[in-house]
Amino acid sequence: MSAVDYSGNPNQRTPCVLVLDTSGSMQATTSTGKSRIAELNDGIIALERSLKEDSTALVRVQLAIVSVGGPQDDADMMMDWTDATHFQSFPLTADGSTPLGRGLRIGLQLVEQAKQNLKTSGVSYTRPWMMVITDGEPTDSGEEWSAAVSECKAAEAAKKVEIFAIGVEGANVSKMSEFTSKPPLMLGGMKFKELFVWLSASLSAASRSRPGEKLELPSTDPWRHVGL
Amino acid sequence: MSYQWLYISASVTGPSHSSSNTPCQDASHTSASPDGQWLAIAVCDGAGSALRPKDGADLVAKSFANRLLSLSAQFSSRLPGAWVNDFVIQQILDVRSELRKLAGSDDLNDFHSTLVACLLGPNGGFSIHIGDGALFGGTGSGASKDGYVYLDNNFFISKPANGEYANETFFITEGNWIKNLRITPLPQADWVIVGSDGGCALCLDSGDQPKPEFVAPLITLLSKHSSSEWASLLQATLADSKADLLTNDDKTLVICMRDSLLQDKGASYRYTDPNTPKKNPATAKPTTAPTGNHALSSAFKVDVEAVVNCKNNWRSRHYISIAILFALVIALLVCILWAYPSAHSKIWSQVNSFIFSEKSNLPSDEQKTEPPHPANKLSERHSSDDKPLKKPEASAASGTQI
């Protein structure tokens, strides 16, 4: 079942699932005096504002959120597919371990669900995105992790999804590069807001792209850690 | 009776390209046989992500349309069949070789281009399609008593095929092009429109069905002007700012119609009835090339039957004309006999010989089934005063898959 009612909006969609690390390590206080999770929550507020200022993105982008860790200490879908126009940010709580592999698999399932819902509704779509943000080491069992990695790689190779991996200070970059063919990018400082504004602009560009056109994404300079 | 194809094409750079000073990446080419009865059309949309999309689209459109027309000559000595598939595939291979020469390498990625093309003849034809863009057409009847010409609502269409994602499509330049090649037989048509993705945004609705509210007025517009003005009219239609609301892509349309559809220069064009459910939507479904050649040949057999029907039609029409002429002659002679009874015996002998010779001159099939070759050029189309030919029911492609 989908949370999205397609009847009023026949625009093509660009689905994006956010797989967000909400493990205990995200409670760490940053140089700004705020915790990482607070910075992440501010970033999600910036994403909402940014999407709502963009008339194209507003009717074409749809989001889902998966949290990794948190009070339940598990990977959970926190928000089912929601059109940007109905998206309302909400604060996430950091706690527990980092079952990132499980989070990735839930993300991939959501992507397949989004396509199924859109197909059923006769709404066209661009390739879905999965954006993964983490600050630590996956705590899944080796079996679970390798299954998640191979699922991600297969999905990416079959052009089922576009995976972006963003590391926050302390992230294990080599683990992150296992589940995507694109090199992981590191967040400079705690520039979550800049990252989410970039995400909004990039999704808007993707949602406007036409057959045969090269997708020009905005520069990642405003948020990317310099030197990587 | 005239069977010539009249055609016009235009391309307009979309606002997204004109604002960035990128040239129009669409290309089209039309190639007609000397007698005007066969027409080959190719429309190509170069990919914005490629480095030389315009060069690729230009070469593919021109080369493919010319090659396709050469196929028409073969139909005089050969019945349509599975060999048409082989011919088309061979021509695409040859076009790809030309692209490699242009590229100076085996990598064709710089020339990514879609292809939507057709060969139209007197009794049908077929479409060739890779990627987006569309081709659609149908029948219509000539000027009727009320001064209108009607477009029937049994459209056929070769729809765009884009794969799963809305922002991706298939190209003739890809390694797996043959997987995405669709060859579809077309029924006899009086008008056909071929368009690039942007051009089709104007004339197809969101369900990829032709919009009569665009097609009928456009043909109306053309019908009211001489063909020398068609290019500027179509150009202006595509460049209209209202078109920018529907697409910001480059727009290309090729519009062709039989001159039999345009007998009366003052005729307006009407779509028969938009509210009537489509009686026979002959939708050309996406098909894949190499398998199911039998379906293609059987569909062409229907076309062959159409030719026979057409001949029978000609014959019966001729008999009616002869009968009317004969009745007039008799009436005239009766009048003469009544007026000049003294010349009775002399005239009777003449009448006898006349009737006898008339009967013996009844047409053989060969003589009378051959439609006269039209000598008038495209620009003189309005001088044609032929009556509309009652066509045999179009042998719809009915979604034949190959």
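Small disclaimer: the values here were computed from a predicted structure and weren't measured.

Before going further, it helps to examine the pairing of strand β4 (residues 115-121) of chain B. All names here are of chain B. Of all 7 residues in β4, 7 are buried, a share of seventy percent or more. Where burial is concerned, the two faces of β4 agree: the one with Leu115, Ala117, Leu119 and Gly121 and the one with Val116, Cys118 and Leu120 are both buried. Where strand β3 (residues 39-45) meets β4, 5 bridges bridge the pair, whose relative direction is antiparallel. Counterpart to Ala42 in the pairing with β4 is Ala117. Sheet topology note: the β4/strand β5 (residues 124-130) ladder contains 7 bridges and is antiparallel.

Before going further, it helps to spend a moment on the confidence of the model for chain B. Residue and element names in this part refer to chain B. Chain-level pLDDT for chain B is 74 on average; 68% of the residues reach the 70-or-more range. The lowest-confidence element of chain B is helix α10 (residues 365-369), averaging 41 in pLDDT; the highest-confidence one is β4, averaging 96. When the criterion is pLDDT under 50, residues 264-316 qualifies, and its contacts beyond four places in sequence or with other chains add up to 135 contacts. In this model residues 359-402 is a low-confidence stretch, pLDDT under 50, and it forms 106 contacts with partners more than four residues away in sequence or in other chains. Complex prediction metrics read pTM 0.64 and ipTM 0.71.

Evaluation of the coordinates by the stated rule reveals 9 aromatic pairs over all chains. An angle of 15 degrees between the planes, with centres 5.5 Å apart, marks the rings of Trp38 of chain B and Phe75 of chain B as stacked. Remark: Phe75 of chain B occurs in the loop between α2 (53-74) and α3 (83-103) and Trp38 of chain B occurs in the loop between β2 (26-32) and β3; sequence separation between them is 37 residues. The residues Trp38 of chain B and Phe75 of chain B share a single accessibility class, namely buried. Plain terms: the ring middles of Phe75 of chain B and Trp83 of chain B are 5.6 Å apart, the flat faces sit at 50 degrees to each other, and that makes the pair tilted. In this structure, Phe75 of chain B and Trp83 of chain B share a single accessibility class: buried. Counting every residue linked through ring pairs, the aromatic cluster contains Trp129, Phe164, Trp198 and Trp223 of chain A. The side chain of Lys182 of chain A reaches across the aromatic face of Phe164 of chain A, ending 5.1 Å from its centre. A cation over an aromatic ring shows up here: Arg78 of chain B above the ring of Trp83 of chain B, its NZ or CZ 4.0 Å from the ring centre.

All names here are of chain B. Strand order across the open sheet formed by 5 strands is β2-β3-β4-β5-β10, with antiparallel pairing between neighbours. Each of the sheet's edge strands pairs with one partner strand only, and the pair in question is β2 and β10 (182-186). The average angle at which neighbouring strand axes cross in this sheet is 10 degrees, direction not considered. Helix-sheet contacts for α2 involve β2, β3, β4 and β5, and the interaxial angle to β2 is about 20 degrees. Here α3 sits on the sheet in contact with β5 and β10, set at roughly 40 degrees to β5.

Cut-offs used in this document
Starting from 1, residues in each chain are numbered consecutively following that chain's sequence as written. Written order decides the labels, with chains lettered from A and ligands numbered from 1. With the structure being a predicted model, the display of local features is reserved for residues of pLDDT at least 70 and the display and counting of side-chain atom pairs for 80 or more, all residues being used for whole-chain, interface and lining totals. The side-chain quantities take in all heavy atoms of the structure and omit both hydrogens and water. Per-residue accessibility, obtained with a 1.4 Å probe over protein chains only, is compared with the maximum for each type, and a residue is labelled buried under 20%, exposed over 50%, and partly exposed between these values. The helix and strand labels rest on DSSP assignments: H or I over at least four residues marks a helix, E over at least two residues marks a strand, and numbering proceeds from the N terminus. Between any two strands, pairing holds if DSSP finds at least two bridges. Values of pLDDT, the confidence the predictor places in each residue, fall between 0 and 100. Two residues form a contact once any of their heavy atoms are found within 4.5 Å. To pair, rings of Phe, Tyr and Trp, with the six-membered ring standing in for Trp, must have centres within 6.5 Å; the planes then decide the type, stacked if under 30 degrees apart, edge-to-face if over 60, and tilted in the middle. For a lysine, the NZ atom is tested; for an arginine, the CZ atom; a charge sits over a ring if that atom is within 6 Å of the ring centre and within 35 degrees of the ring normal. The axes are straight lines fitted to the C-alpha atoms, using for helices just the contacting stretch, and the angles between their N-to-C directions are given from 0 to 180°.

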